[in-house]
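Here are the chains, one letter per residue:
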Amino acid sequence: MNQKKKLLKRFSKYIYPYIKEEIILFILMICSSAGSLVTPYMLKVIIDDVFPSGNYHDLIMLLVLLVGIYIVQIICSLVSDVMSTTVSKKKYLQISEKKLLPIF
(Lines give C-alpha, C1' and ligand atoms only; values in the text may rest on other atoms or scores of the structure.)
Protein backbone atom coordinates (compact mmCIF):
# COMPACT_ATOMS: atom_id res chain seq x y z
CA MET A 1 0.00 0.00 0.00
CA ASN A 2 2.84 2.35 0.81
CA GLN A 3 4.32 1.79 -2.64
CA LYS A 4 1.02 2.81 -4.27
CA LYS A 5 0.98 6.03 -2.28
CA LYS A 6 4.52 6.82 -3.38
CA LEU A 7 3.62 6.18 -6.99
CA LEU A 8 0.49 8.31 -6.75
CA LYS A 9 2.43 11.13 -5.10
CA ARG A 10 5.10 10.90 -7.76
CA PHE A 11 2.66 11.20 -10.65
CA SER A 12 0.38 13.73 -8.98
CA LYS A 13 2.83 16.54 -9.71
CA TYR A 14 2.33 15.85 -13.42
CA ILE A 15 -1.47 15.63 -13.15
CA TYR A 16 -2.29 18.58 -10.87
CA PRO A 17 -1.21 21.33 -13.29
CA TYR A 18 -3.80 20.00 -15.75
CA ILE A 19 -6.63 19.29 -13.31
CA LYS A 20 -8.96 21.81 -14.98
CA GLU A 21 -8.47 20.17 -18.35
CA GLU A 22 -9.02 16.74 -16.82
CA ILE A 23 -12.31 17.85 -15.25
CA ILE A 24 -13.46 19.32 -18.58
CA LEU A 25 -12.48 16.07 -20.31
CA PHE A 26 -14.49 14.10 -17.77
CA ILE A 27 -17.56 16.28 -18.36
CA LEU A 28 -17.18 15.97 -22.14
CA MET A 29 -16.92 12.19 -21.88
CA ILE A 30 -20.07 12.07 -19.75
CA CYS A 31 -21.84 14.26 -22.32
CA SER A 32 -20.77 11.97 -25.13
CA SER A 33 -21.85 8.86 -23.23
CA ALA A 34 -25.19 10.39 -22.28
CA GLY A 35 -25.86 11.05 -25.96
CA SER A 36 -25.38 7.35 -26.63
CA LEU A 37 -27.87 6.44 -23.92
CA VAL A 38 -30.57 8.82 -25.18
CA THR A 39 -30.82 7.18 -28.61
CA PRO A 40 -32.45 3.90 -27.55
CA TYR A 41 -34.96 5.74 -25.37
CA MET A 42 -35.89 8.10 -28.23
CA LEU A 43 -36.39 5.14 -30.56
CA LYS A 44 -38.60 3.47 -27.93
CA VAL A 45 -40.76 6.59 -27.73
CA ILE A 46 -41.00 6.78 -31.53
CA ILE A 47 -41.94 3.12 -31.91
CA ASP A 48 -44.28 2.84 -28.91
CA ASP A 49 -46.01 6.22 -28.92
CA VAL A 50 -45.58 8.12 -32.16
CA PHE A 51 -46.12 5.41 -34.78
CA PRO A 52 -49.32 3.96 -33.26
CA SER A 53 -50.88 7.40 -32.85
CA GLY A 54 -49.88 8.48 -36.36
CA ASN A 55 -48.69 11.85 -35.11
CA TYR A 56 -46.06 12.77 -37.69
CA HIS A 57 -45.45 16.23 -36.24
CA ASP A 58 -44.09 14.58 -33.07
CA LEU A 59 -42.07 12.21 -35.24
CA ILE A 60 -40.39 15.11 -37.04
CA MET A 61 -39.72 16.90 -33.74
CA LEU A 62 -38.18 13.80 -32.15
CA LEU A 63 -36.04 13.12 -35.21
CA VAL A 64 -34.78 16.71 -35.25
CA LEU A 65 -34.01 16.40 -31.54
CA LEU A 66 -32.20 13.12 -32.18
CA VAL A 67 -30.09 14.70 -34.93
CA GLY A 68 -29.28 17.58 -32.56
CA ILE A 69 -28.20 15.12 -29.91
CA TYR A 70 -25.99 13.32 -32.43
CA ILE A 71 -24.36 16.61 -33.42
CA VAL A 72 -23.68 17.54 -29.78
CA GLN A 73 -22.34 14.05 -29.14
CA ILE A 74 -19.97 14.27 -32.11
CA ILE A 75 -18.74 17.72 -31.07
CA CYS A 76 -18.17 16.55 -27.49
CA SER A 77 -16.25 13.51 -28.72
CA LEU A 78 -14.14 15.59 -31.10
CA VAL A 79 -13.28 18.23 -28.50
CA SER A 80 -12.56 15.50 -25.96
CA ASP A 81 -10.19 13.70 -28.34
CA VAL A 82 -8.30 16.86 -29.27
CA MET A 83 -8.08 18.03 -25.69
CA SER A 84 -6.97 14.62 -24.45
CA THR A 85 -4.23 14.45 -27.05
CA THR A 86 -3.03 17.96 -26.21
CA VAL A 87 -2.93 17.33 -22.46
CA SER A 88 -1.20 13.96 -22.98
CA LYS A 89 1.49 15.58 -25.11
CA LYS A 90 2.05 18.29 -22.49
CA LYS A 91 2.37 15.68 -19.75
CA TYR A 92 4.74 13.61 -21.86
CA LEU A 93 6.93 16.63 -22.54
CA GLN A 94 6.93 17.58 -18.88
CA ILE A 95 7.98 14.07 -17.84
CA SER A 96 10.61 13.73 -20.57
CA GLU A 97 12.12 17.16 -19.77
CA LYS A 98 12.30 16.19 -16.11
CA LYS A 99 14.07 12.93 -16.98
CA LEU A 100 16.38 14.37 -19.65
CA LEU A 101 17.34 17.55 -17.82
CA PRO A 102 19.76 15.82 -15.40
CA ILE A 103 21.52 14.14 -18.33
CA PHE A 104 22.48 17.40 -19.99
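About the thresholds
- Residues numbered from 1 in each chain as written.
- Predicted model: local features only at pLDDT ≥ 70, side-chain atom pairs only at ≥ 80, totals over all residues.
- Heavy atoms only, no water.
- Helix = DSSP H or I, 4+ residues; strand = E, 2+ residues; numbered from the N terminus.
- Buried < 20%, exposed > 50% of the residue type's maximum accessible area, 1.4 Å probe, protein only.
- Contact = heavy atoms within 4.5 Å.
- Polar contact = N/O pair within 3.5 Å; in protein donor to acceptor, adjacent residues only side chain to side chain.
- Core = buried A, V, L, I, M, F, W, Y, C linked by side-chain atoms within 4.5 Å.
- Salt bridge = Lys/Arg side-chain N within 4 Å of Asp/Glu carboxyl O.
- Expected span 1.5 Å × (residues − 1).
- Bend = angle between axes of the 7 residues up to and from the residue.

A. Main features of the environment of Thr39. By the secondary structure assignment, Thr39 is in helix H2 (residues 19–53). By relative accessible area, which is 11% here, Thr39 ends up buried. Placed 31 residues apart in sequence, Thr39 and Tyr70 show a C-alpha to C-alpha distance of 8.7 Å. Beyond its immediate chain neighbours, meaning those up to four positions away, Thr39 contacts Leu66 and Tyr70. Of the polar contacts made by the side chain of Thr39, one reaches the backbone oxygen of Gly35; its length is 3.3 Å.

B. Here's a closer look at the nonpolar core. Met42, Val45, Ile46, Val50, Leu59, Leu62 and Leu66 together form the largest nonpolar core, which totals 7 residues. Elements with a contribution of two residues or more to this core: H2 and helix H3 (56–100). Looking at which element gives the most residues to this core, the answer is H2, with 4 residues. Each residue touching Leu62, except ones within four places of it in the same chain, is listed here: Met42, Val45, Ile46 and Val50.

C. Fine view of the pattern of salt bridges. All chains considered together, the criterion is met by 2 salt bridges. Across the pair Glu22 and Lys91 runs a salt bridge, and its minimum N-O distance is 2.5 Å. A residue pair is termed long-range when its members are at least 10 positions apart, and Glu22 in helix H2 and Lys91 in helix H3 qualify at 69 residues. By relative accessible area, which is 27% here, Glu22 ends up partly exposed. With its nearest N and O atoms 3.9 Å apart, the salt bridge here joins Lys44 to Asp48. With a gap of 4 residues between them, Lys44 and Asp48 both fall in helix H2, about one helical turn apart. Residue classification places Lys44 among the partly exposed positions, given a relative accessible area of 42%. Relative accessible area serves as the criterion here: at 44%, Asp48 is assigned to the partly exposed category.

D. Representation of H2 in the model. End to end, H2 covers 50 Å across 35 residues, agreeing with the expected 51 Å (1.5 Å per residue, within 8%). Taken as a whole, H2 carries its principal kink of about 35° at Ile46. Among the residues of H2, Leu25, Leu28, Ser32, Gly35, Thr39, Met42, Val45, Ile46 and Val50 are the ones counted as buried. A positive phi of about 75° marks Gly54, the residue just after H2.

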